[in-house]
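Chain residues, written in single-letter form:
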Amino acid sequence: MPRHNPNELIAQRRRQLPSPARPGQWMSRRELADTVNAALQELYPGQPVDSLLVDDRWIGLLERGNSCWPRTERRAALRRVFNAETDAELGLTDHRPTGESEPAPARTVDGGLDPLTAHPARRYNYWLGGKDNFAADRASGDLIRTKFPTVVNAAHENRKFLYRAVTVSAREGGIDQFLDIGCGLPLPVNTHNTAQTINPAARIMYVDNDPLVMAHARALLTGNPDGRTGYLEADLRDPVGLLNHPSVNAVLDLTRPVAVLLVAVLHFIHDHHQAVTIVRGLVDALPAGSHLVISNATMDFNTPDDNAAYEEMLANRDTDARTRTRNQFAEFFTGTQLLDPGIVAVSQWRPDPAADGPPPPPHEVAIYAGVACIA
């Protein structure tokens, strides 16, 4: 994927805006994202703008020049925030062919999809051998793999953990309802296949914030007619709104035990306090007997050089996953009862005894896993 020149104008202008929460400091990327989102709401009142909302990762990509021509609405919001008359004042340039009045189909997809910006679900799909990804996703995946060659193996082990955790929740926990948040793009085997093989009447609600994921989910994740399968485009950062959404309540009965799956999704919530608060909001809303299934990237098993390489990539926005230590990961399960074997690497969580060969060692997967029962 061609690299664009860094957008110094956006970065410079951000550093001229005062932080709304930190006196004497300039606005952070996260604060700028919040300000842009507020401008979107003001500019387009009464219109659904959820698919247009941005985050600090998007601001970082914009400043690095990886998103040089945002959608019309986002450019309007940026102009308002920076009090600019034209896009050119912000260093935003249109690289479409001359005379082309609308974005080329390969550059923009309906529903807010931005194929020029790597998305975790599509990158994960690429690592798992899927076809539903763009050049930006493949470039991001390849860049991470140059620093961490075992990342593809880790992705596969993480997916196997999902299947084993769903099986345990359905078979041992007797759970017949699953809320898969950050579900990712469909694969030959998914949560509903696994759960409904054990209980054909199982109900599954898939949630993701990528419109491409939801489009594929509605087309491919049909499920057993004896059960129920639903789909919702929503953001994990609003757990109360998610649980209260009519689509969720049309599929799941939240007065009965539910298995909440947060598999390889919380590491995209960089603020640890926010991530813990999100999990607590979900746990507090669920009845006793529910299960909490979580995996999160970690650097605990890696060398100091690996850690330095990771921190450099994170600072350069070449990776968007915030790793966590074992103690941080354990905070997600406060007030719950961990199932055996507790907190371990995903490959070590109840590995399949029928698998060919032993599971990969922790340093090759570098992802923590845990499943807990909510009392």
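Keep in mind that this is a model prediction, so the values were computed, not measured.

Once that is clear, we can look at the overall build of the protein chain. Regarding its fold elements, the protein chain presents 15 helices and eight strands. Per-residue burial over the protein chain gives 51% buried out of 375 residues. A fraction of 69% describes how many contacts in the protein chain between residues 6 or more apart in sequence connect residues 24 or more apart. Total accessible area on the protein chain is roughly 17100 Å²; 52% of this is exposed by carbon and sulfur atoms.

Moving on, we come to the pattern of salt bridges. Within this structure, the stated rule accounts for 18 salt bridges. Asp-320 is the partner of Arg-123 in a salt bridge, and the nearest nitrogen-oxygen pair spans 2.6 Å. Taken as a pair, Arg-123 in helix H5 (residues 120-127) and Asp-320 in the loop between helix H13 (304-315) and helix H14 (326-331) lie far apart in primary sequence, 197 residues in all. Across the pair, Asp-320 and Arg-123 agree in class, each one buried.

Across the seven residues that make up strand S5 (residues 291-297), a large majority, seven, are buried. Of the two faces of S5, both are covered, the one formed by His-291, Val-293, Ser-295 and Ala-297 as well as the one formed by Leu-292, Ile-294 and Asn-296. In this structure, strand S4 (residues 259-263) lies alongside S5, joined through five bridges in parallel fashion. Counted as the bridge partner of Val-260 is Leu-292 from S5. Bridging between S5 and strand S8 (residues 367-374) involves seven bridges; their strand directions are antiparallel. From the neighbouring strand, Ala-297 faces S8, where its bridge partner is Ile-367.

For the rest of this paragraph, the subject is the packing of aromatic side chains. Enumeration according to the criterion identifies five aromatic pairs in this entry. For the ring pair Phe-329 and Phe-333, a centre distance of 5.4 Å and an interplane angle of 70 degrees mean the geometry is edge-to-face. Owing to a relative accessible area of 4%, Phe-333 belongs among the buried residues under this scheme. Relative to Tyr-368, the ring of Phe-329 has its centre 5.7 Å away and its plane inclined at 25 degrees; by these criteria the two rings are stacked. Separated by 39 residues along the polypeptide, Phe-329 in helix H14 and Tyr-368 in strand S8 bring together distant segments of the chain. Accessibility classification places Phe-329 together with Tyr-368 in one group, the buried group. Members of the aromatic cluster, joined through ring pairs, are Phe-301, Phe-329, Phe-332, Phe-333 and Tyr-368.

Attention now moves to the packing of helix H7 (residues 151-171) against helix H8 (residues 191-198). For any two helices packed against each other, one specifies the crossing angle of their axes together with the interaxial distance. Axis separation between H7 and H8 bottoms out at 9 Å; the angle between their running directions is 30 degrees. Here H7 lies roughly parallel to H8, going by the angle between them. Classified by chirality, the crossing of H8 by H7 is right-handed. Here Leu-162, Tyr-163, Val-166, Thr-167, Ala-170 and Arg-171 of H7 come into contact with H8, specifically with Thr-191, Thr-194, Ala-195 and Ile-198.

This brings us to the nonpolar core. Core analysis: the largest hydrophobic core is formed by 35 residues, its most contacted members being Phe-161, Phe-178, Val-263, Val-293, Trp-349 and Val-371. Of all the elements in the fold, those that place two or more residues in this core are H7, strand S2 (203-208), helix H9 (211-220), S4, strand S7 (344-345) and S8. The contact partners of Phe-161, leaving out residues within four places of it in the chain, are Val-263, Val-293, Ile-294, Ser-295, Val-346, Trp-349, Ala-369, Gly-370 and Val-371.

Parameters and conventions
Residue positions within a chain follow its written sequence, with the count starting from 1. At least 70 in pLDDT is required for a residue's local features to be given in this predicted model, at least 80 for side-chain atom pairs to be given and counted, and no such filter applies to totals for whole chains, interfaces and linings, which use all residues. Excluded from the side-chain calculation are hydrogens and water; included are all heavy atoms of the structure. Segments assigned H or I by DSSP are reported as helices when at least four residues long, segments assigned E as strands when at least two residues long, and all are numbered from the N terminus. For every residue, the accessible area (1.4 Å probe, protein chains only) is compared with the maximum for its type, and the residue is labelled buried under 20%, exposed over 50%, or partly exposed between those bounds. Only heavy atoms enter the contact rule, under which two residues are in contact if any of them lie within 4.5 Å. In this description, accessible areas are obtained by the Shrake-Rupley approach with a 1.4 Å probe, and a residue is regarded as covered only by the protein chains that are shown. Here, a salt bridge means any side-chain nitrogen of Lys or Arg that lies within 4 Å of a carboxyl oxygen of Asp or Glu. We call two strands paired when DSSP finds no fewer than two bridges between them. Here is the rule: rings of Phe, Tyr and Trp (six-membered ring for Trp) pair when centre to centre is within 6.5 Å. Planes less than 30 degrees apart are stacked, more than 60 are edge-to-face, and the remainder are tilted. Axis definition: a line fitted to C-alpha atoms, limited for helices to the stretch in contact. Angles are taken between N-to-C directions and run from 0 to 180 degrees. Angle categories are assigned with fixed cut-offs, so that under 35 degrees is roughly parallel, over 145 is roughly antiparallel, 65 to 115 is roughly perpendicular, and the rest are oblique. Crossings are sorted by hand: turned counterclockwise from the far helix by less than a right angle, the near helix makes the crossing left-handed, and turned clockwise it makes it right-handed. Only buried residues count toward a nonpolar core, which is a set of Ala, Val, Leu, Ile, Met, Phe, Trp, Tyr and Cys residues joined through side-chain atoms within 4.5 Å.

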